[in-house]
Amino acid sequence: MPHTSDAPGTDTARASVPRPAPQDVRTVACVGAGVIGGGWVAHFLARGYDVRAWDPAPDAEARLRRLVDAAWPALERIGLAPGASPARLTVTDTLEEAVSEAQFVQESAPEKLELKRELLAKLDAATPAGIVIASSTSGYPMSDMQTEAVTPDRLVVGHPFNPPYLIPLVEVVGGEHTDATAVEWASRFYEVAGKSVITMEREVPGFIANRLQEALWREALHMVANGEATVREIDRSITEGPGLRWAFMGPMLTFALAGGEGGMAHMLDHFGPSLKSPWTRLDAPELDRALYDAVVAGCEDASDGRTIADLVAERDQGVIDVLRATGRLPGTGAR
Ligand SMILES: NC(=O)c1ccc[n+]([C@@H]2O[C@H](COP(=O)([O-])OP(=O)(O)OC[C@H]3O[C@@H](n4cnc5c(N)ncnc54)[C@H](O)[C@@H]3O)[C@@H](O)[C@H]2O)c1
């Protein structure tokens with residue numbers, strides 16, 4: 001049962017501040033500053049927030065600043081909020097310094113359940129009571145991660161997509177011990193911060209989009225493992241095919257059109273029986289050394305000499321072009 005009280009935590013060691021209105025948030029903390037945490041930092045900076053970041057890796061600050069610098073040209077192209085600046089990023093020496101004055105916390109540490117449990121408990125202890133803490137987890141239900149926290153009522157999942165500074169979607173869902181008001185608050189906050197939010201009523205492992213992505217990835221790995229398709233062919237099959245439609249119309253409505261004038265009903269009558277044909281492999285393939293090496297080598301081949309930085313720049317421009325072409329370029333979000 002979700003907690004129904006919105007009373008702040010009772011831990012007296014923790015400063016108590018009222019939860020601000022989502023539109024009044026000025027300072028955000030990002031804990032864990034790798035690919036996703038760094039992407040969040042870039043997003044919040046571009047939206048005009050003060051950002052405090054903490055990551056235990058010795059090279060984390062340099063890595064984070066490189067990521068923000070690499071993202072900034074794309075963010076300038078789509079428009080910055082008034083006052084937005086990379087100078088408004090503070091990298092702190094401790095987790096406590098990052099979150100002690102935060103009005104919202106985004107956790108983006110490695111996807112390991114024990115680590116998430118311990119870290120969320122630490123964040124819960126160090127963050128002013130009532131302030132919402134969101135996890136970027138790709139698939140763990142919050143109910144499994146909030147077990148060690150003293151005030152789990154303000155812990156939510158806020159699942160982004162890479163890069164969080166360009167892909168609009170965030171999936172928001174609470175756990176068994178999350179207060180419904182924290183879920184509502186987080187959804188509203190992300191919207192104010194320029195994201196497109198799906199608020200889920202119930203916990204589903206992998207949420208919505210990763211459950212779909214994983215099905216596709218599993219099939220791709222089977223094809224590489226069995227020598228049925230190369231990495232390059234798999235990627236082209238999407239970018240030259242269904243991916244073009246998916247950028248503006250999801251798989252369900254796209255399939256409805258495959259039924260012609262009969263729409264989805266005809267589609268189901270026509271292709272429904274073939275759902276049972278052995279096109280897909282329901283179990284994940286064994287990620288053994290040979291498959292690992294084949295996938296890595298295939299990606300190197302498909303990169304055609306482009307570095308990761310080249311591909312990041314290409315992807316960022318591609319996402320901006322698609323968003324612009326489909327009228328969904330996020331506003332500059334003057335808050
Ligand atoms: N990569 C993606 O496409 C993607 C997309 C959506 C969500 N996510 C989720 O985001 C989270 C981060 O993934 P990532 O891809 O950025 O990983 P990453 O490896 O790029 O970054 C993880 C960062 O966490 C830091 N870290 C290690 N221990 C920590 C601790 N105890 N406390 C705080 N930080 C710690 C590491 O130094 C590193 O900088 C994961 O939960 C992942 O599932 C990833």
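Residues numbered from 1 in each chain as written. Predicted model: local features only at pLDDT ≥ 70, side-chain atom pairs only at ≥ 80, totals over all residues. Heavy atoms only, no water.

This paragraph deals with helix α13 (residues 308-325). With 18 residues, α13 extends 25 Å from end C-alpha to end C-alpha; this agrees with the ideal 26 Å at 1.5 Å per step. Looking at α13, one finds that the buried residues are Asp316, Val319, Ile320 and Leu323. Axial view of α13: buried residues confined to an arc of 95°, hence all on one face. Elements in contact with the buried residues of α13: α2 (60-78). (Helix = DSSP H or I, 4+ residues; strand = E, 2+ residues; numbered from the N terminus. Expected span 1.5 Å × (residues − 1). Buried < 20%, exposed > 50% of the residue type's maximum accessible area, 1.4 Å probe, protein only. Arc of directions from axis to C-beta. Contact = heavy atoms within 4.5 Å.)

This next bit is on the environment of methionine 249. Its location among the elements puts methionine 249 in the loop between α9 (242-246) and α10 (251-257). Look past the residues within four positions of methionine 249 in its chain and what remains in contact with it is Thr254 and Leu257.

This part is about the site of the ligand. Close contacts around the ligand come from 23 residues, with Ile36, Asp55, Glu111, Lys116 and Ser138 the closest. Here an oxygen atom of the ligand and a side-chain polar atom of arginine 63 are 3.2 Å apart. Here an oxygen atom of the ligand and a side-chain polar atom of serine 138 are 2.6 Å apart. Taking 830 Å² as the accessible area of the ligand by itself, protein coverage stands at 74%. When residues of the shell around the ligand are traced back to their parent elements, those giving at least two are α1 (35-46) and α4 (113-126). Tallied by class, the residues present in the shell around the ligand amount to 11 nonpolar, 8 polar and 4 charged. (Near = heavy atom within 4 Å. Polar contact = N/O pair within 3.5 Å; in protein donor to acceptor, adjacent residues only side chain to side chain. Areas by Shrake-Rupley, 256 points an atom, 1.4 Å probe, with all protein chains shown as cover. Nonpolar A, V, L, I, M, F, W, Y, C, P; charged D, E, K, R; others polar.)

Between α1 and α2, the least distance of the axes is 9 Å, while the angle of their chain directions is 50°. Compared by their axis directions, α1 and α2 come out oblique. Considering the relative orientation of α1 and α2, their crossing is right-handed. Every residue of α2 that contacts α1 at Val35, Gly38, Gly39, Val41, Ala42, Leu45 and Ala46 is listed here: Leu64, Leu67, Val68, Ala71, Trp72 and Leu75. Within the contact of α1 with α2, the residues separate by chemical class into 11 nonpolar, 2 polar and no charged. (Axes fitted to C-alpha atoms, helices over the stretch in contact; angles between N-to-C directions. Parallel < 35°, antiparallel > 145°, perpendicular 65-115°, else oblique. Left-handed = near helix turned anticlockwise from the far one by under 90°.)

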